[in-house]
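# Breakdown of the fold
Below are the chains, spelled out letter by letter.
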Amino acid sequence: MDIRASEAGPGTRGGRRIGPYTVVTRLDAGSPAHTPVPEHRYIARSADGDRTVLLSSPLATVDPQRFLAEAEASRYLLGPWVLPAVELAGPGAQVWHARPYLPALPLPLALAVHGGPLPERTVRALAVALAENLAVLHGQNLTHAGLGPSAVLIAADGPRLTCFGAVRAAAPEGVVRRELPGIDPGSLPPEQAAGGQPRPLGDVYALGATLAYAATGYTMPEREELPPIFRSLVPRCLSRDPAHRPQLSETLLGPGWLPARVVAAIVHQSASVLAAEAAAPAPAHPSGPAGGTPGPAAAAHHSH
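Let me begin by describing the structure that accompanies this report.

The rules behind these values
Residues numbered from 1 in each chain as written. Predicted model: local features only at pLDDT ≥ 70, side-chain atom pairs only at ≥ 80, totals over all residues. Heavy atoms only, no water. Helix = DSSP H or I, 4+ residues; strand = E, 2+ residues; numbered from the N terminus. Buried < 20%, exposed > 50% of the residue type's maximum accessible area, 1.4 Å probe, protein only. Contact = heavy atoms within 4.5 Å. Areas by Shrake-Rupley, 256 points an atom, 1.4 Å probe, with all protein chains shown as cover. Core = buried A, V, L, I, M, F, W, Y, C linked by side-chain atoms within 4.5 Å. Pairing = 2+ DSSP bridges. Axes fitted to C-alpha atoms, helices over the stretch in contact; angles between N-to-C directions. Salt bridge = Lys/Arg side-chain N within 4 Å of Asp/Glu carboxyl O. Parallel < 35°, antiparallel > 145°, perpendicular 65-115°, else oblique. Left-handed = near helix turned anticlockwise from the far one by under 90°. Nonpolar A, V, L, I, M, F, W, Y, C, P; charged D, E, K, R; others polar.

Let us now look at the overall build of the protein. What the protein contains, in helices and strands, is 8 helices and 10 strands. Looking at the protein as a whole, 54% of its 304 residues qualify as buried. Long-range pairs, those at least 24 residues apart, make up 66% of the contacts in the protein with a sequence separation of at least 6. With the model as given, the accessible surface of the protein reaches about 13,100 Å², and the carbon-plus-sulfur share is 57%.

Rendered as structure tokens:
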């Protein structure tokens, strides 16, 4: 995988400015084209070169204020596997938010790099970590409402949850959400697709779809396509009736959870980003990102 700034994609070449940051590359460059992503995502760097971030901006079909409201809410999420926003655009500015950068691949890109579905040990560890963090969010009386393959970033030490509130940002309650740009229909719980309020058991449905994708390359596989260990769990998660979906459980990641090619791609991304040169000219006022709203220091801590 080559993520040089020159391959950032149309309109996102290295040197493009978004807020106080210069784009290095698109985070989702190289992901399968048919995989929906609910926001534009970039790896970007501050003009002084001191900070590298994962930067997001809304799709053209998403209301910018709902997008910012969900990003603001994500700043207070807890749990070892969540990657919340720590900085938001100021009032009246182009809409964006930023998360701390860590070398990571979107789940669809991890499958592409690996050459197909991930090993059973990796999917099992993914199930454990995502279920653990969803349980933490639900304990905060929050619903993720955006879980799907693209919302999961695969880092060397475990996954990270992103795209918090993507379903709510895409359309308000009462509006049918089927076939909305950026929303993966296979991961969208039926009750949310019909315009219902996102609830925790909807996250369980999306978890089942995400694990199915990691294990087979599809969010809605046949039961026989799943590894035997998931043939009970995943279909229960994907029940159309929320009352029939399972409860979340908590365990721990084990060593060696990732296949070698995915580890190598993560390392390559990290090295490429460190080597990339920001092409933007020096700012006229180098005092910092005016208008930005840096988040609390506690929100930037994601290790466990």
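What follows deals with the nonpolar core. In this structure, Leu107, Leu126, Ile154 and Val262 are the most contacted members of the largest nonpolar core, which totals 39 residues. Sorting the residues of this core by element identifies helix H2 (107-114), helix H3 (120-139), strand S8 (152-155), helix H6 (200-216) and helix H8 (260-275) as the ones contributing at least two each. The residues contacting Val262, other than those within four sequence positions of it, are Leu105, Ala110, Val113, His114, Leu118 and Ile154. The next biggest cluster of nonpolar side chains, apart from the first, holds 12 residues, and it includes Ile43, Leu102, Leu153 and Ala276.

Moving on, we come to the pairing of strand S9 (residues 158-161). With 4 bridges joining them, S8 and S9 adopt antiparallel strand pairing. Of the residues in S9, the one forming a bridge with Ile154 is Pro159. In this antiparallel pair of consecutive strands, S8 and S9, the connection spans 2 residues.

Here we take up the sheet that holds strand S7 (residues 104-106). Ordered by their spatial adjacency, 3 strands build an open sheet running S7-S8-S9, and the pairing between neighbours is antiparallel. Of all strands in the sheet, those bounded by a partner on one side alone are S7 and S9. In this sheet, neighbouring strand axes are inclined to one another by 30 degrees on average, regardless of whether the strands run parallel or antiparallel. Contacting S7 and S8, H8 runs over the sheet at an angle of about 115 degrees to S7.

A positive phi is found at Ala145, a non-glycine position, where the angle reads about 55 degrees. Along the chain, Ala145 turns up in the loop between H3 and S8. Judged by relative accessible area, Ala145 falls into the buried class, the value being 1%. The backbone phi angle of Glu179 is positive, close to 65 degrees, even though this residue is not glycine. On the secondary structure map, Glu179 appears in the loop between helix H4 (166-170) and helix H5 (190-193). For Glu179, a relative accessible area of 78% translates into the label exposed.

Opposite charge on two side chains permits pairing when their charged atoms draw close. Per the counting criterion, the structure on display carries 7 salt bridges. Among the salt bridges present, the one from Arg99 reaches Glu39, with a minimum N-O distance of 3.2 Å. Placement of Arg99 in strand S6 (residues 97-100) and of Glu39 in strand S3 (residues 39-46) is noted, with a sequence separation of 60 residues between them. In this structure Arg99 comes out as buried when scored by relative accessible area, which is 6%. The salt bridge partner of Glu72 is Arg75, with a shortest N-O separation of 2.9 Å.

As a further point, take the packing of H2 against H6. At a closest axis distance of 10 Å, the pairing of H2 and H6 adopts a crossing angle of 15 degrees. When the axes of H2 and H6 are compared, the pair comes out roughly parallel. For the element pair H2 and H6, the recorded crossing hand is right-handed. Contacts between H2 and H6 involve Leu107, Pro108 and Leu111 on the former and, on the latter, Thr210, Tyr213 and Ala214. Broken down by class, the residue content of the contact of H2 with H6 amounts to 5 nonpolar, 1 polar and no charged.

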